[in-house]
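Inside the fold
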Amino acid sequence: MKKLVFFFIFFYLFLFSYATFMDIGSLEIIYLQHNYPITFIENIFLNIFGHNNFALRLPSLILSILSIFLYYQISKKYLKTATDIYLSTLVFALMPGFIIASLLFNKSIYLIFLVLFFIYLFLYHRFLSYILLLIYTIIDYSFFTLYLALIFYSIYKRDTKFLIYSLLLFMINANYFDYTIGGKPKGHFLDVLVIYFSIFSPFVFIYFIYSLIKSMKKPSLLWFISSVALLFSILLSFRQKIKIDDFAPFVIIAVIFMIMVFFKDYRIRLKIFRSFYRKLFIFLFSSLVIFDIVLFISPYYFKDKIFSQFRYSHKISLFLKQHNIDNIKCNNPHFCKKLYFYGLHKGDEYFIKIDKGFKKVSISHNHKVLYNFYVSKLNKK
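Quick caveat, the model's predicted, so the values are computed rather than measured. (Residues numbered from 1 in each chain as written. Predicted model: local features only at pLDDT ≥ 70, side-chain atom pairs only at ≥ 80, totals over all residues. Heavy atoms only, no water.)

So, on to unusual backbone geometry. The phi torsion at R158 lies on the positive side, around 60 degrees, for a residue other than glycine. Along the chain, R158 turns up in the loop between α9 (144-157) and α10 (160-177). By relative accessible area, which is 78% here, R158 ends up exposed. (Helix = DSSP H or I, 4+ residues; strand = E, 2+ residues; numbered from the N terminus. Buried < 20%, exposed > 50% of the residue type's maximum accessible area, 1.4 Å probe, protein only.)

Quick look at the structure:
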């Protein structure tokens, strides 16, 4: 237990440090501009600590730590030994999707925390979990996946009262957010599959599917939540493009079944026949860690838009402030919004031009170029 605690202390110290070097991303700007419930919480932290990278990601990191604690408590109800529980918690924390959700300002970490909180109450304080479900109906439309899972779970358990309650919650949520399945029919199955590979890492995701299939003989509430979210997202992807953060938080919480299935297969065999499973564990865990390492270094070594969006904007804002440049507009309005986040103001006094390849920046005043520089060189200063 002490080793696990020390690991998480080191792990989150690293995440907190890493978060301060990640500039605000494109999707994070969109979240801040819309009236999401999480924006209210985010603005509290930004008002206290200022508009900076640390304050932006602090709520997500705090919820990440709380989610780890809840997951640990839930694991106690599903797994038999302390080793199983510790390993399950460790693997969950190392899931690439969970790390991404912990580092970015997004709704995924909020959904992960809220669904884990519900499962925790369902296992330890059943009545309170029913009250929580009612509150969730007006928090986010993504909870329709949870209510759908509860409907199937109550049918499986032949619990008529819980079925009626789940149906009622589903209808309240659907009516409140008025969500519809529509759009031009177009398959996005491969896109969704690739995203799930990146959330779990490819080989781990394959084993995750295997563990869900093996666990379906005695399905639990956690199994229904994860399986329904996964299956529904895949089926819906054949019809239209989906927002993966509406489903993935409900899928990733079932990492417990991988540990459960693995150790069940491992322990029923004689020691002389366990070699394959030891090698399998080493392979899967190593592939997970390698994938995490690639995830951390990608923003600094790849020039793809997905990764480069987390660089440059903060240092460019510092450059502008150091040269008393404010009241700006840009040829790239979306990038300008990032600069506004760091304290610059919208105006017509200075014009910031960024080339399409995002390599060169020029700053003009009254149609006269004042500064020209390459963003890569600025980032090294």
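A separate point is the environment of F127. Along the chain, the position of F127 falls in helix α8 (residues 126-136). A C-alpha to C-alpha distance of 29 Å links F127 and L61, two positions 66 residues apart in sequence.

A few words on the layout of surface pockets. Considered as a void within the structure, the largest pocket measures approximately 1,700 Å³ in volume. As for the largest pocket, its lining consists of 46 residues, and the residues nearest its centre are L27, I100, L104, I195 and I244. Put simply, the parts of the chain that give the lining of the largest pocket at least two residues each are α2 (26-33), α6 (96-103), α7 (108-124), α11 (189-200), α14 (248-251), α16 (275-301) and α17 (305-308). In the lining of the largest pocket, the residues fall into 31 nonpolar, 9 polar and 6 charged. (1 Å grid on protein atoms, 1.4 Å probe; cavity = no way out; pocket = protein on both sides within 12 Å on 5 of 7 lines; lining within 4 Å. Points joined across faces, edges and corners; volume = space filled by probe spheres on them. Nonpolar A, V, L, I, M, F, W, Y, C, P; charged D, E, K, R; others polar.)

What follows is about the environment of L231. With respect to the helices and strands, L231 occurs in helix α13 (residues 221-237). For L231 and V251, which are 20 residues apart along the polypeptide, the C-alpha to C-alpha distance reads 9.5 Å.

The subject of this paragraph is the pattern of salt bridges. Scanning the entire structure with this criterion turns up 6 salt bridges. Here E28 and R57 are joined by a salt bridge, their closest N and O atoms 2.8 Å apart. Linking E28 in helix α2 with R57 in helix α4 (residues 53-78), this pair joins segments that are 29 residues apart in sequence. Note on accessibility: E28 and R57 belong to one class, buried. In the salt-bridge network here, residues are joined through shared partners; they are K107, D140 and D246. (Salt bridge = Lys/Arg side-chain N within 4 Å of Asp/Glu carboxyl O.)

Inspection of the secondary structure assignment puts N53 in helix α4. For N53, a relative accessible area of 4% gives the class buried. In contact with N53, not counting residues within four places along its chain, are A19, T20, F21, M22, D23, I24, H314 and Y342. (Contact = heavy atoms within 4.5 Å.)

For the rest of this paragraph, the subject is helix α18 (residues 313-322). Every buried residue of α18 is listed here: S313, I316, S317, F319 and L320. Taken around the axis of α18, the buried residues stretch over an arc of 155 degrees, which confines them to a single face. Trailing α18 by a residue or two, N324 shows a phi angle of about 55 degrees, which is positive. (Arc of directions from axis to C-beta.)

The 4 strands are arranged β1-β2-β3-β4 in an open sheet whose pairing can be described as mixed. Strands at the two margins of the open sheet, each flanked by one partner only, are β1 (328-330) and β4 (368-374). Between one strand and the next, the sheet's axes are offset by a mean angle of 20 degrees, whatever the strand orientation. As paired strands, strand β3 (residues 360-365) and β4 are joined by 6 bridges and run antiparallel to one another. (Pairing = 2+ DSSP bridges. Axes fitted to C-alpha atoms, helices over the stretch in contact; angles between N-to-C directions.)

What follows is about empty space enclosed by the protein. In total, this model carries 1 cavity of 30 Å³ or more according to the counting rule given. Size it by volume and the largest cavity reaches roughly 150 Å³. What lines the largest cavity is V91, M95, V204, Y207, M258, I259, F262, F281, L284, F285 and L288. Of all the secondary-structure elements, those providing two or more residues to the lining of the largest cavity are α12 (202-214), α15 (255-267) and α16. The greatest single-element share of the lining of the largest cavity, amounting to 4 residues, is contributed by α16. In terms of residue class, the lining of the largest cavity is built from 11 nonpolar, no polar and no charged.

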